Amino acid sequence: MPNTAVPTLLHLDASARRRSFSREAGDAVADGWRASHPEGTYVHRDLALTPVPQIDEAWTELCDYVLEHQITDIARYREAVRTQAQAAAWAVIEPLLDELVAADVVLIASPMYNFSIPASLKAWIDQVTFPRMSLAGRRFVVAYARGGAYGPGTPRHPYDHQERYLRDFFAGHFAVPDEDMTFLGTELVNSRTDPALAAHREAHDASRAAALAAARKIGASL
């Protein structure tokens, strides 16, 4: 469990665009939270501007050790470090993991790329994830953007490997219950540039407005 004496928000951005709709929605959540928690600790990490390296063989060795020795206490993971290469891998992991463990709320602002999440976000997930770890007790908020419409009932809903993946991951790897996950976002972003989707511009504008309203409300309520 995080230390809730001083609430902490960890805000991750993953969009390759400096001005993006996922960043816009994520910023609205963060602004709402900061207004409600002026004494809180706000930590921002831009995974696109400062990419997290891909995991390497030493990382797999750390995971194997944690699994073999049935270490479930995150504070004990460093016990797995036994070689110089593993120490180098741990030097990447430790600050990322410390930020994650300290957070009461984890806010992820991410676009959908090719039906899923950006490689920058996946690299961060890989670095901070170990066997049978639990982050129960924390809230996870995802502010997303998508070029098309992928919600329930849409023709492309079966291709949504963004929200579906993150929900499954938070539950399956981090032991976070569904009620501690919130997803909000802007759909049909490509209607602004793709002539084939131009007829859906009004629906996009409505989606964007609804996402920003939800983001402000959710941020203030966290």
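First, a word on what this report is: a plain description of the structure on this page. Worth saying up front: this structure is predicted, and the values here are computed from it rather than measured.

### Section: the sheet that holds strand S1 (residues 8–13)
Each strand in a sheet pairs with its neighbour through backbone hydrogen bonds, running either in the same direction (parallel) or in the opposite one (antiparallel).
And then number 1: Strand order in the open sheet formed by five strands is S2-S1-S3-S4-S5, and the pairing between neighbours is parallel. Bordering the open sheet on either side are strand S2 (41–46) and strand S5 (181–186), each of which pairs with just one other strand. Between one strand axis and the next, the sheet turns by 15° as a mean value, whatever way the strands run.
And then number 2: Looking at chain direction, S1 and S2 are connected through six bridges and run parallel. Bridge pairing in S2 places threonine 8 opposite threonine 41.
And then number 3: Taken strand by strand, helix H1 (residues 21–36) contacts S1, S2, strand S3 (105–111), strand S4 (139–145) and S5, and its axis lies near 160° from that of S3.

### Details of the packing of H1 against helix H6 (residues 201–221)
And then number 1: Between H1 and H6, the shortest axis-to-axis distance is 6 Å and the interhelical angle comes to 25°. Judged on the interaxial angle alone, H6 and H1 are roughly parallel. Every pair of crossing elements has a handedness; the one defined by H1 and H6 is right-handed. Here H1 contributes Phe21, Glu24, Ala25, Ala28, Val29, Gly32, Trp33 and Ser36 to the contact with H6, which in turn contributes His204, Arg208, Leu212, Ala215, Arg216, Gly219 and Ala220.
And then number 2: When grouped by side-chain class, the residues that make up the contact of H1 with H6 number eight nonpolar, four polar and three charged.

### Things to note about the nonpolar core
And then number 1: Membership of the largest hydrophobic core comes to 42 residues, with the highest contact counts inside it found for Tyr77, Leu97, Leu100, Trp124, Phe130, Phe170 and Phe174.
And then number 2: Where this core is concerned, the elements lending two or more residues are S1, helix H2 (57–68), helix H3 (84–102), S3, helix H4 (119–128), S4, helix H5 (163–174) and S5.
And then number 3: If near-sequence neighbours (up to four positions away) are discounted, tyrosine 77 is found in contact with Val66, Ile71, Thr72, Trp90, Leu97, Phe130, Pro131 and Met133.
And then number 4: Within the second largest apolar cluster, 15 residues are counted, among which are Ala30, Leu107, Ala215 and Ile218.

### Details of the side chain of serine 22
And then number 1: Considering the arrangement of structural elements, one finds serine 22 in helix H1.
And then number 2: Once you skip the residues sitting within four places of it in the chain, serine 22 turns out to touch Ser15, Ala109, Ser110, Pro111, Ala143, Tyr144 and Ala145.

### What to know about H5
And then number 1: Taking 1.5 Å per residue as the helical rise, H5 with its 12 residues ought to reach 16 Å, and the 15 Å between its terminal C-alpha atoms agrees with that figure.
And then number 2: For H5, the set of buried residues is Glu163, Leu166, Phe169, Phe170 and Phe174. Along the long axis of H5, the arc covered by the buried residues comes to 130°, so they all point the same way. In H5, the exposed positions angled more than 90 degrees off the buried face are occupied by Asp168 and Gly172.
And then number 3: Summarising the contacts, the buried residues of H5 are in contact with H3, S3, H4, S4 and S5.

### Brief notes about unusual backbone geometry
And then number 1: Unlike most non-glycine residues, arginine 132 shows phi in positive territory, near 55°.
And then number 2: At alanine 175, a residue that is not glycine, the phi angle is positive and equals roughly 60°.
And then number 3: Turning to its location among the elements, alanine 175 is positioned in the loop between H5 and S5.
And then number 4: Residue alanine 175 is classed as partly exposed on the basis of its relative accessible area of 39%.

The rules behind the values
Residues numbered from 1 in each chain as written. Predicted model: local features only at pLDDT ≥ 70, side-chain atom pairs only at ≥ 80, totals over all residues. Heavy atoms only, no water. Pairing = 2+ DSSP bridges. Helix = DSSP H or I, 4+ residues; strand = E, 2+ residues; numbered from the N terminus. Axes fitted to C-alpha atoms, helices over the stretch in contact; angles between N-to-C directions. Contact = heavy atoms within 4.5 Å. Parallel < 35°, antiparallel > 145°, perpendicular 65-115°, else oblique. Left-handed = near helix turned anticlockwise from the far one by under 90°. Nonpolar A, V, L, I, M, F, W, Y, C, P; charged D, E, K, R; others polar. Core = buried A, V, L, I, M, F, W, Y, C linked by side-chain atoms within 4.5 Å. Buried < 20%, exposed > 50% of the residue type's maximum accessible area, 1.4 Å probe, protein only. Expected span 1.5 Å × (residues − 1). Arc of directions from axis to C-beta.

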